[in-house]
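Chain by chain, the residues run as shown.
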Amino acid sequence: MSQALDEIKIGGLGASRKRVEDDRFIRGRGNYTDDITLPGMLHMEILRSPLAHARIKSIDASKAWEIPGVHLVLTGEMMATRNLAWMPTLSYDTQAVLATDKVRFQGQEVACVVADDPYIAKDACEAIDVEYEPLPVIVNPAQAVAEGAPVIRDDKENQPDNVIYDWEVGDKAGTDRAFEQADVVSKLKLHYPRSHPSPIECCGSIADFNRATSKLTVYMTTQAPHIIRAAVALVAELPEHMIRIVSPDIGGGFGNKVPVYPGYVCSILASILLERPVKWIEDKSGNLISTGFARDIYLDGEMALRRDGKILGVRMHADADHGAFFSDAQPSKFKIGLLHSTFACYDLPAAHLTARGTYSNKAPGGVAYRCSFRVTEAMFFQERMIAAAAADLGMDPAEFRRMNFVKDEQFPHRTPFGFLLDSGQYGKCLDVGLKAVGYEDFRREQAAARKRGKLLGLGISTMTEPLGAGNSREYDILGIKMFDSAELKIHMTGKAILRTGAKTQGQGHETTWAQIVAHELGLPAEDVVVEEGDTDTAPFGMGTYASRSTPVAGAAVSMVARKIRAKARKLAAHLLEVSEEDVEWELGRFYVRSAPDRGVTIQECAMAAYSNMPDGMEPGLENTAFYDPPNLTWPFAVYLVTVEVDPQTGVWDVLNIVAVDDCGVRINPMIVEGQIMGGLTEAYAMANMQFITFDAEGNCVGSNYMDYLLPTAWETPGFELHSEVVTPSPHHPIGAKGVGECAAVGGPAAFVNAVLDAISDTGVRNIDMPLLPDRVWEAITSRKDVSGAPPVRTDDSPGGSGGVVPPQASTSPGGSGGVVPPQASTGDLASGSGV
Ligand code: MCN
Ligand code: CUM
């Protein structure tokens, strides 16, 4: 009798298996970095700069040293004696660990205190006397390149100005020709404000250097433990095999936990100096003010169009504010991440992108918050531009998209920026979305409502995301090629442990990787335990970000399971006493082709690998696979949002959200839906309420949860998710594409397009995020765009106290430039006019 196993029953591919990790989380039994206590452990706190740009005249830590319970005060000067005052970043720049010469952003790390407990350490920080001499402050790209701008990075040779890079990609001449042939040229400028991943758990580390064994163990909140090990080996000049990085449970990463932060480095040095474990746990304000933010980019583009709606070409320029250090974690070939994935799902004959990155007196970052390296900005601009162009042409925005989509038969499709799209059914996704939202009916209702003075709007956004870096030919970080890995050990009873080079932070790898093994080997998923994050045991991998885990590490899981199956087949042939060619496989079982009832289970093969292997066969059933993907995977999605805008107040309410995601084969449909809902929630937050901005003196506005709003279940709208479109990735072993970021990437434009659609009678083309009620109200009443960095209300801003700062003239990024001297009246930040 054949032992056909139902894949769903064993928790294989397509099973909405409950997340195994949640058992410990909901019982409060997670093991986060801050849960770890080691014998003799000390606590570290960081003293941060109150000023955004200032020369350090002196640091007097003598009072701090005198406080009982203080073991160590670290300053930049001390770090410098060990060549650790500066560290390399993941983008070939340098970053101050503790400031020596100057502070370059508010919240920058100036000194650290290690004490018996965190309270003593915090008090001692306050006892450190730092004398600063304020310098002029730069808070946006226009100021950064203005004449006479102070050079922020005067520590660097060959850095005469604040420009980090000028980069371009695409075909300039071809694009120019497209514009010559255009009937209509549509233009759009916008600012994608700085946002922050803001995971619930802040960053932290516990460094434990053991002098007796020379081994350094660091428990920390990193999404990429092996990259950290390499960085520590290189920066601290410690032997790599004596470094163990352990990422225990992580309470959300969202990109915030990819970079290397000064706190990590200082805790390591402190532990080496004191020969005791040193714990550093960042507080919420420290996290919001000093760790890797995202976006803060000014985008300016135009689209060449034929009268009938065909897009002929796109031209784009990006000005990216990277803060004081260029510390992005991104593939080294691409200076502005994968921004050039923009318009990938549209069949563009020509495109050209230029990008400039600049320093400012803000915390470093720019690339990471649920985005595959700036894809969020790319898709946001794309879908805002598409909406603007459709309006300029007087075309229906859905039809305009459909007409220009890459068609099903065009895959694999090469984009004008050089990417190769693997597969997709864009038109079908759009159809599903339009039907679900009741497109035609809504348009009728909208027209009727408008006659009654009621403003309804519908916004569409699509996205396709390049997920799964590498391939190693094109993708590397600091020269380390991007691939990933999985190691599978099948024990003699058929139970297994799987380890990968990825690191889950809430995405559910412990659940889904076991499902891939179940699918490949027919072992019940519950018999496979998954472990990630310990560099002493996990195979080398590049970690989890850019939704690369399923495309790369997940593929490695398939491949290692297939290696195991190949060996198990030999064992089966031996047990069945037939030649290998006569052995057939079905889920969980090998059988003799000519006698299907003669078979052995995968568990029996596992036992044989330890107890009854054929002569000459290497014992055991373990293997490792390194997977270098041939290409990225390209999921696709359509998001549709309907809203009602109150013209009296500018308040807008979401009526409906429809999401159609095609991420190829879904390993665990429930987890995929959770990822999409999470992403849509973040998209809603970015569109509606969330931003961190800076006043003219570089004071961070929004470094707390009173100002930086996280949507709770109360304000988050409901979602309608659709999964009927499945286009497998042709090059992924199980046809899966990444999905972790899609909704956060594609979602924001749907909300903004919906609000702008509702007020289309005003002729307003752009309101920059967040679409706070006052900005929407201002657009309605002034019938003008509200563009530029989010305005900060100050008492002396034009318009008086509480007045809305006039929208930045949509002329140049950050306005007219001009550098604001310190202590000057805060002036009009939004227009960047300075003094
Ligand atoms: N999955 C699936 N079928 C697919 C694709 C994915 O079942 N076709 C499952 C995967 O097996 C995995 C999850 O969905 O369990 C997400 O997979 P993937 O898209 O590969 O993304 P990663 O695992 O690489 O996660 C990274 C991604 C990123 S970059 C950010 S940022 C983000 C996101 O995940 N951060 C998160 N989602 C998050 N979710 C939580 N809870 N916490 C974070 O910090
Ligand atoms: Cu860009 S945030 Mo995720 O890639 O960790």
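These numbers come from a predicted model, not from an experiment.

Participant: Help me out: how do you make sense of the nonpolar core in this one?
Facilitator: If you look at soluble globular proteins, the nonpolar side chains tend to sit buried side by side. Membership of the largest hydrophobic core comes to 143 residues, with the highest contact counts inside it found for Met303, Phe343, Tyr545, Val645 and Trp652. The element contributing the most residues to this core is helix 18 (residues 742-758), with 12 residues. For Phe343, the contacting residues outside a window of four places in its chain are Met303, Val314, Met316, Leu348, Phe381, Gln382, Met385 and Ile386. Counting residues in each nonpolar core, the second largest holds 49 residues, with Leu488, Val530, Leu571 and Ala625 among its members.

Participant: Teacher, can you tell me more about the coordination of the copper atom of ligand 2 here?
Facilitator: Expected angles at a metal are 109.5 degrees for tetrahedral coordination by four donors and either 90 or 180 degrees for octahedral coordination by six donors. Donor atoms from the polypeptide that bind the copper atom of ligand 2 are Cys371 (O) and Cys371 (SG), placed at 2.2 to 2.4 Å. Here the copper atom of ligand 2 is ringed by four donor atoms whose angles at the metal span 66 to 154°, and the overall shape comes out irregular. Residue placement: Cys371 occurs in the loop between strand 19 (365-366) and helix 10 (375-393).

Participant: What should I look at first to understand the sheet that holds strand 2 (residues 54-60) in this one?
Facilitator: Think of a sheet as strands paired side by side through backbone hydrogen bonds, with each pair either parallel or antiparallel. Pairing is antiparallel in the open sheet, where three strands are placed in the order 6-2-8. Both edges of this open sheet fall to strand 6 (102-103) and strand 8 (129-134), since each of them pairs with a single strand only. In this sheet, strand 6 lies alongside strand 2 in antiparallel orientation, the contact comprising two bridges. Bridge assignment links Ala54 to a residue of strand 6, and that residue is Val103.

Participant: So what exactly am I meant to see when it comes to the sheet that holds strand 31 (residues 622-627) here?
Facilitator: Spatially, four strands are ordered 27-26-25-31 in an open sheet, and the strand pairing comes out mixed. Two strands bound the open sheet, and with one partner strand each, they are strand 27 (528-532) and strand 31. Neighbour-to-neighbour, the strand axes of the sheet open up by a mean angle of 15°, direction not taken into account. Direction of pairing for strand 25 (residues 484-490) relative to strand 31: antiparallel, over a ladder of six bridges. From the neighbouring strand, Lys489 faces strand 31, where its bridge partner is Glu622. Where helix 14 (residues 509-521) meets the sheet, its contacts fall on strand 25, strand 26 (496-500) and strand 27, and the angle it forms with strand 27 comes to roughly 130°.

Participant: I tried to follow the environment of Cys345 on my own but got confused; where do I start?
Facilitator: Positionally, Cys345 belongs in the loop between strand 17 (311-321) and strand 18 (350-358). Assessed through its relative accessible area of 0%, Cys345 is described here as buried. Between the alpha carbons of Cys345 and Arg401 there is a distance of 9.4 Å; along the sequence they are 56 residues apart. Once you skip the residues sitting within four places of it in the chain, Cys345 turns out to touch Gln382, Asn404, Phe405, Val406, Tyr426, Thr462, Thr464 and Phe636.

Participant: Explain helix 14 to me, please; I cannot follow it from the model alone.
Facilitator: Two residues of an α-helix separated by three or four positions point the same way, owing to the 3.6 residues in each turn. The terminal C-alpha atoms of helix 14, which comprises 13 residues, lie 18 Å apart, in line with the 18 Å expected from a rise of 1.5 Å per residue. Burial analysis of helix 14 places 12 of its 13 residues in the buried class, which makes it a mostly covered element. Buried residues of helix 14: His509, Glu510, Thr511, Thr512, Trp513, Ala514, Gln515, Ile516, Val517, Ala518, Glu520 and Leu521, and no others. Phi for Gly522, located one or two positions after helix 14, is positive at around 75°.

Participant: How do you make sense of the site of ligand 1 when you look at a structure like this?
Facilitator: Around ligand 1 there are 34 residues in total, and Gly253, His509, Ser549, Gln675 and Val739 lie nearest to it. Between an oxygen atom of ligand 1 and a main-chain N or O atom of Arg548, the distance comes to 3.3 Å. Between Lys737 and ligand 1, the recorded distance is 3.1 Å, taken from a backbone N or O atom to a nitrogen atom. For ligand 1, whose free accessible area comes to 820 Å², the fraction covered by protein is 96%. Sorting the residues of the shell around ligand 1 by element identifies helix 14, helix 15 (549-576) and helix 17 (669-688) as the ones contributing at least two each. Partitioning the shell around ligand 1 into residue classes produces 12 nonpolar, 17 polar and five charged.

Participant: What am I meant to see in the packing of aromatic side chains here?
Facilitator: How two aromatic rings sit relative to each other is set out by the distance from centre to centre and by the angle between their planes. Under the criterion given, the structure shown has 22 aromatic pairs. For the pair Phe105 and Phe325, a centre-to-centre distance of 6.4 Å together with 80° between the ring planes defines the contact as edge-to-face. Taken together, the residues Phe105 in the loop between strand 6 and strand 7 (109-115) and Phe325 in the loop between strand 17 and strand 18 connect sequence positions 220 residues apart. There is no split in this pair, since Phe105 and Phe325 are both buried.

Participant: Would you explain the site of ligand 2 in this entry?
Facilitator: Close to ligand 2 lie Gln223, Phe254, Gly255, Ala368, Tyr369, Arg370, Cys371, Tyr545, Ala546 and Glu741. Interatomic distance of 3.1 Å between a backbone N/O atom of Gly255 and an oxygen atom of ligand 2. At a separation of 2.5 Å, an oxygen atom of ligand 2 approaches a polar backbone atom of Ala546. In the shell around ligand 2, the residues fall into six nonpolar, two polar and two charged.

Conventions and cut-offs
- Residues numbered from 1 in each chain as written.
- Chains lettered and ligands numbered in written order.
- Predicted model: local features only at pLDDT ≥ 70, side-chain atom pairs only at ≥ 80, totals over all residues.
- Heavy atoms only, no water.
- Core = buried A, V, L, I, M, F, W, Y, C linked by side-chain atoms within 4.5 Å.
- Buried < 20%, exposed > 50% of the residue type's maximum accessible area, 1.4 Å probe, protein only.
- Helix = DSSP H or I, 4+ residues; strand = E, 2+ residues; numbered from the N terminus.
- Contact = heavy atoms within 4.5 Å.
- Donors = N, O, S within 2.8 Å, 3.2 Å for Na, K, Ca; no water.
- Tetrahedral: all angles 85-135°; square planar, octahedral: opposite > 155°, others 65-115°.
- Pairing = 2+ DSSP bridges.
- Axes fitted to C-alpha atoms, helices over the stretch in contact; angles between N-to-C directions.
- Expected span 1.5 Å × (residues − 1).
- Near = heavy atom within 4 Å.
- Polar contact = N/O pair within 3.5 Å; in protein donor to acceptor, adjacent residues only side chain to side chain.
- Areas by Shrake-Rupley, 256 points an atom, 1.4 Å probe, with all protein chains shown as cover.
- Nonpolar A, V, L, I, M, F, W, Y, C, P; charged D, E, K, R; others polar.
- Phe/Tyr/Trp six-rings, centres within 6.5 Å; stacked < 30°, edge-to-face > 60°.

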